[in-house]
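Listed here are the chains, written in short residue letters.
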Amino acid sequence: MKPNLRRKLLGFVLAFLLCYLGTAEPVQSFASLPDELRLIAGRQARLDVAMPVQALASVDRPDVVQLNGSRESKLRVSLKQPLQLNPQQSGTAEVTLKLFGKIPLKTVHVNVMPELKVFPGGQTIGVKVKSSGILVVGHHLVRASNGAKVSPGEAAGLKLGDLLTAMDGKPLTDVTKVAEIVEKAGKAKRPLDITFKRSGKVMKTKLSPAFDEDDKSWRLGLYIRDSAAGVGTLTFYAPHQKVYGALGHVITDMNTQTPIEVGSGQIVQSNVTSISRSEEGEPGEKRATFSKDGKVLGNVERNTHFGIFGKMKDLPEHGLYKEPIPIAMSHEVKEGPAEILTVVEGQAVERFTVEIVHVSKQDTPATKGLVLRITDPRLLKKTGGIVQGMSGSPIVQDGKLIGAVTHVFVNDPKSGYGCFIEWMLQDSGVLPSTESKPTQNLKAG
């Protein structure tokens, strides 16, 4: 056989083996094993390795986690069978697997927590937030005295999505104060010192206001905004911490699609007046009213990839639960029937059946945790599926709060994404945080 042909055949065989090993069930099962695992005391969990080999399984704290129901710290096990984890009490432990008792395979850090219970929401809420600065949402041209049209803001290098935080060293907290600062600098014929944030990085520039001959005033050549408002759904209320979570996804500016960095805000009681049904290719929406003097339910302290969070003194009205219910960790969620809680008329929270059709394995925060499909005939008749304003609707399975509706599939409004409640509770501060950052999402529900 010629050397070139031999090398080609060898390369083909190696490529085939790599593809086979990459898709083989044992390799995929091993790759899906978490580095960290949060468990609830008294709730059994398992590690699925699906490798037809013998191993030594050990745990450094058998008083915290038992392996296969044994009190021993080391066990000979077959990795073809799932390894059962029996959390005994709150604490941390390390579970280690060694092939044939010698070759290190995996160490899983286990954090056992006491059972956590919260109130599922479902109430429609009005959300009003002010950004921690002034957001640039567009450029506009100013007609100068020589007839030229310019945008001082664009010339200064400011882009859509930039957050202006200070002018001449003065913090920007209200968009109504900007005109006075700009006029003062314009009349003095001096540039403004601008401090702004871009992608989390603090930057500076100088901007020389231009006198607009059309409206006889000094202009930045920027469209700016410092507030946003909308409708969503309350997901949970944690009574011991007096903390709530809602929406299940980040609030972004409608023009720039950049996340709003919250300076202040509040959620208020809201009333659903009508619903625009979802159709294929065109998501519907809840139409709701809330007034400035409406009942304030809580403040807004954080706006993250998993929703908005803040303090709430009391359990809001119209909820379906008089007592809090347990939460499920992400690894406990399964495909099958579930229900969502939401409002379709007025303020009454109702239950509607759904089917969890896919569950992603996530041991670190990420959006798109699960895919659900609306199966309730009454909800489908009323809404056509998932509509905007339904985001944050709690998902309950087997008596446990498992997550929240987040996004609708535009081409199939009966289906959409949900996020795990574990990540919402983590961002709210009710559960301890991890270092990982989540990924972004689709069209909000």
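Computed from a prediction, not measured in an experiment: that's the story for all the values here. (Residues numbered from 1 in each chain as written. Predicted model: local features only at pLDDT ≥ 70, side-chain atom pairs only at ≥ 80, totals over all residues. Heavy atoms only, no water.)

Glancing now at the overall build of the protein. Helices and strands together make up the secondary structure of the protein, namely six helices and 33 strands. Per-residue burial for the protein yields a buried fraction of 48% across its 445 residues. Summarising the internal contacts of the protein: among those between residues at least 6 apart in sequence, 68% fall at separations of at least 24. Of the roughly 22,000 Å² of accessible surface on the protein, 52% is carried by carbon and sulfur atoms. (Helix = DSSP H or I, 4+ residues; strand = E, 2+ residues; numbered from the N terminus. Buried < 20%, exposed > 50% of the residue type's maximum accessible area, 1.4 Å probe, protein only. Contact = heavy atoms within 4.5 Å. Areas by Shrake-Rupley, 256 points an atom, 1.4 Å probe, with all protein chains shown as cover.)

Turning our attention to helix α6 (residues 421-428). With eight of its eight residues buried, α6 lies for the most part within the structure. Taken residue by residue, α6 has I421, E422, W423, M424, L425, Q426, D427 and S428 as its buried positions. One or two residues past the end of α6 sits G429, with phi positive at roughly 95°.

The next subject is unusual backbone geometry. Here L247, not a glycine, exhibits a phi torsion of approximately 75°, which is positive. With respect to the helices and strands, L247 occurs in the loop between β20 (243-246) and β21 (262-269). With relative accessibility at 5%, the residue L247 sits in the buried group. The backbone of D398 shows a phi angle near 55°, a positive value even though the residue is not glycine. Turning to its location among the elements, D398 is positioned in the loop between β31 (394-397) and β32 (400-409).

Here the protein averages 89 in pLDDT, and 89% of its residues register 70 or above. Segment residues 20-25: pLDDT under 50, and four contacts once partners within four positions in sequence are set aside and those in other chains are kept. Contacts for the low-pLDDT stretch residues 436-443, under 50 throughout, to residues beyond four places or in other chains number 29 contacts. (pLDDT = per-residue confidence, 0-100.)

Our next topic: the sheet that holds strand β1 (residues 36-40). The mixed open sheet is built from five strands, whose spatial order is β1-β8-β7-β3-β5. Edge positions in the open sheet fall to β1 and β5 (74-78), since each of these has one partner strand only. When strand polarity is set aside, the average angle formed by the axes of neighbouring strands in this sheet is 25°. Relative to strand β7 (residues 91-99), strand β3 (residues 54-59) is paired through five bridges, and the arrangement is antiparallel. Among the inter-strand pairings, V59 is bridged to a residue of β7, identified as V95. (Pairing = 2+ DSSP bridges. Axes fitted to C-alpha atoms, helices over the stretch in contact; angles between N-to-C directions.)

With that out of the way, let us pick up helix α4 (residues 178-187). Along α4, the positions that sit buried rather than exposed are V178, I181, V182, A185 and G186. End-on view of α4: buried residues confined to an arc of 130°, all on one side of the axis. The exposed set on the far side of α4, more than 90 degrees from its buried face, consists of A179, E180, K184 and K187. Structurally, α4 contributes buried residues whose contacts are with β10 (124-139), β13 (163-167), β15 (192-198), β18 (217-219) and β19 (222-238). After α4 finishes, the residue K189 shows a positive phi value of roughly 55°. (Arc of directions from axis to C-beta.)

What follows deals with the pairing of β21. In terms of strand pairing, β10 meets β21 through seven bridges, oriented antiparallel. By the bridge assignment, G126 is partnered in β21 with V268. Pairing analysis gives three bridges linking β21 to strand β24 (residues 296-299), with the strands arranged antiparallel. The residue bridging V268 from the neighbouring strand is V296, located in β24.

We now examine the packing of aromatic side chains. Inspection of the entire model under this criterion finds two aromatic pairs. Summarising the aromatic geometry, the rings of F211 and W218 are spaced 5.2 Å apart at their centres and angled 65° between planes, so their arrangement reads as edge-to-face. Judged by relative accessible area, which is 28%, F211 ranks as partly exposed. Where F409 meets Y417, the ring centres are 5.0 Å apart and the plane angle is 80°; that geometry is what we call edge-to-face. Its relative accessible area of 23% is what places F409 among the partly exposed residues. (Phe/Tyr/Trp six-rings, centres within 6.5 Å; stacked < 30°, edge-to-face > 60°.)

Right, let's get into the pattern of salt bridges. Applying the stated criterion to the full structure yields 21 salt bridges. A salt bridge links D226 to K130, with the nearest nitrogen and oxygen atoms 3.5 Å apart. In this pair, D226 is assigned in strand β19 and K130 in strand β10, connecting sequence segments 96 residues apart. With its nearest N and O atoms 2.8 Å apart, the salt bridge here joins E339 to R351. Taken together, the residues E339 in strand β28 (residues 336-343) and R351 in strand β29 (residues 349-359) connect sequence positions 12 residues apart. Where salt bridges share partners, they join R43, E115 and E332 into one cluster. (Salt bridge = Lys/Arg side-chain N within 4 Å of Asp/Glu carboxyl O.)

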